[in-house]
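Analysis of the macromolecular model
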Amino acid sequence: MDYWYSKTIYRKIILILSAIQLLGFFLFPYAYASSKSLNSLANMLRKYSGVTFPEKLTGFAYLNLLLDINNDDAMFLIGLLILMIVVVVIHALGKKRSSYSASLGIELIILMFNYIFIDAADSIRGYQFSKGAVLIILVDLLILVSSVLGMLFERKAQAALSVNGGSAGSFDSEKFAQDMGTAGNVIVNLARQAGAQLAKIPGAVRNTVDSAKDSSGSSSYSSSRNANQTRPVSRPASSRPGTASSAPVQSAIPQTGVMTGVRGAFAGAQIPLNSGEEMVVGRSADICNIILEGDLISRKHCTICYDGRTGYYVVTDFSGNGTFIGSGAKLPQGKKTSLAPGTVIWIGSKDVSFQLG
């Protein structure tokens, strides 16, 4: 109890609010399912993509969703959780006004993160804005206000508690200006470093989660076969019914992707990929757009989809022998993986490879 009584009122307020903020990451939803049908839709899609769409999209549930779909934006949510813990530690151990400057800068970044993730969560199809998001922002703002008050009056509050010998002391305007300057530098530097990446989150999260929902079933096709080791057969993805239609995109991103054969029978060939349309690669002439033969090629080996909204290629492996990227890393089976333009993928082995973009 002595430890708690030794804290000034401003630190007590911040510690209580920070604990609520940390618990809120697990309890307060950014958004929630707008229809009861979402769960049945998620269960149906889980068989195809392995992705579970929660009813309440709390920060923790959002993190699990991004990890399920191999989205790199999950690291920003992990960073958000770490920053919340840092604020608690700063005020649990801190005794000087400089700790308020640090928490002020960190809390502004937390507020920016939360606002962007709330916006991104609300824009995911099947979800809508939650009142819990208002509480998240309100707690962030209260911590910011408490940090500013602590910077202004911490010394007097410490004196009242006899932490510094019992004298009230006078307000040090130079020290206060120094602290405010430090806080300003922290805010500007952190905002510059995070701003460029944070601006990309809403679109990237929205596109990746939506692409996990937009899965098309297999269609039947007929094609003659021969005895070649690898036989190039390519159909336009637009000929397959049930594929996702392309959405409005930014003019700076090409609306059509391309697969270029690097090795194998498709070497040198360029196969166009329309945005949002899925290209199926494998041995089966019934379900595949690109038909290959070989001991390491599965009936349905993988699917490739170009996203004109982000400029990235979404590849999902369904094979027994694996789909690899140029570095030799094996893609996770049954999960969508976003790959940047210029990435080379192997279909079973290096003998059959394509460059994306």
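Up top you'll find the structure we're talking about.
We now turn to the structure provided with this report.

So, the pattern of salt bridges
- As enumerated under the stated definition, the model contains two salt bridges in all.
- With a shortest N-O distance of 4.0 Å, R263 and D351 are connected by a salt bridge. Note that R263 is positioned in strand β5 (residues 256-263) and D351 in strand β14 (residues 349-356), a separation of 88 residues in sequence.
- The class of R263 is partly exposed, set by a relative accessible area of 44%.
- We note a salt bridge from D307 to R309, for which the minimum N-O separation is 3.3 Å.

Some details on a nonpolar patch on the surface
- Taken together, the side chains of L23, F26, L27 and F60 make up a nonpolar region of the molecular surface, amounting to roughly 400 Å² of accessible area.
- Here the nonpolar patch gets three residues from one element, more than from any other, and that element is helix α2 (residues 9-27).
- Relative to the elements of secondary structure, F26 occurs in helix α2.
- Judged by its relative accessible area of 40%, F26 falls in the partly exposed class.

Points about the sheet that holds strand β6 (residues 270-274)
- With antiparallel pairing, the five strands of this open sheet are ordered in space as β6-β5-β14-β13-β11. On the outer flanks of this sheet lie β6 and β11 (323-325), each paired with one strand and no other. Ignoring strand direction, the axes of neighbouring strands in this sheet form an average angle of 30°.
- Pairing of β5 with β14 involves four bridges; the strand directions are antiparallel. Following the sheet pairing, M259 is matched in β14 by L356.

Remarks on empty space enclosed by the protein
- Under the counting rule described, the total for this entry stands at three cavities of 30 Å³ or more.
- Each pocket or cavity is described by its volume, and for the largest cavity that value is around 70 Å³.
- Elements that contribute at least two residues to the lining of the largest cavity include exactly α2 and α7 (131-160).
- It is α2 that provides the largest number of residues to the lining of the largest cavity, a total of four residues.
- Counted by class, the lining of the largest cavity contains seven nonpolar, three polar and one charged residues.

A short note on the packing of aromatic side chains
- What the rule picks out here adds up to nine aromatic pairs.
- Taking 5.6 Å as the distance between ring centres and 55° as the angle between the ring planes, the aromatic pair formed by F266 and F354 counts as tilted. Of this pair, F266 sits in the loop between β5 and β6 while F354 sits in strand β14, and the two are 88 residues apart along the sequence.
- Ring plane angle 35° and centroid distance 5.5 Å describe the contact between F324 and W346, whose orientation is recorded as tilted. With F324 in strand β11 and W346 in strand β13 (residues 344-347), this pair connects stretches of sequence that are 22 residues apart. W346 shares its class with F324; the two are buried.
- The structure contains a cluster of three or more aromatic residues connected by ring pairs, namely Y30, Y62, F76, F113 and F117.
- The side chain of K300 reaches across the aromatic face of F318, ending 4.4 Å from its centre.

About the cut-offs
- Every chain is numbered independently, its residues counted from 1 as its sequence is written.
- Totals for whole chains, interfaces and linings use every residue, but because this is a predicted model, local features are given only for residues with pLDDT of at least 70 and side-chain atom pairs only at 80 or more, for both listing and counting.
- Working from all heavy atoms in the structure, the side-chain values ignore hydrogens and water.
- By convention in these notes, a salt bridge is any Lys or Arg side-chain nitrogen within 4 Å of a carboxyl oxygen on Asp or Glu.
- Secondary structure follows DSSP: runs of H or I at least 4 residues long count as helices, runs of E at least 2 residues long count as strands, and numbering of each begins at the N terminus.
- Only protein chains enter the calculation, and the probe is 1.4 Å; a residue is then buried if its accessible area is under 20% of its type maximum, exposed if over 50%, and partly exposed in between.
- Patches in this entry comprise residues that are over 30% relatively accessible and not in a salt bridge; like charges within 9 Å are linked, as are nonpolar side chains (Val, Leu, Ile, Met, Phe, Trp, Tyr) within 5 Å.
- Computed with a 1.4 Å probe, the accessible areas rest on the Shrake-Rupley method; for each residue, only the protein chains presented here act as cover.
- Strand pairing is assigned whenever DSSP detects at least two bridges linking the two strands.
- Comment: axis = line fitted to C-alpha atoms, over the contacting stretch for helices; angle = value between 0 and 180 degrees taken between N-to-C directions.
- Cavity: a set of points on a 1 Å grid over the protein atoms alone where a 1.4 Å probe fits but cannot get out. Pocket: an open set with protein on both sides within 12 Å along at least five of seven lines, its lining residues, like those of a cavity, having an atom within 4 Å of a point.
- Grid points are joined across faces, edges and corners, and a volume is the space filled by probe spheres set on the points.
- By the convention adopted, Pro, Cys, Tyr, Trp, Phe, Met, Ile, Leu, Val and Ala count as nonpolar, Lys, Arg, Asp and Glu as charged, and the other residues, Gly among them, as polar.
- Only rings of Phe, Tyr and Trp enter the pairing, Trp through its six-membered ring, and a pair is recorded when the two centres are within 6.5 Å. The plane angle decides the type: under 30 degrees is stacked, over 60 is edge-to-face, the rest tilted.
- Counted as over-ring charges are cases with an Arg CZ or a Lys NZ within 6 Å of the ring centre that also lie within 35 degrees of the ring normal.

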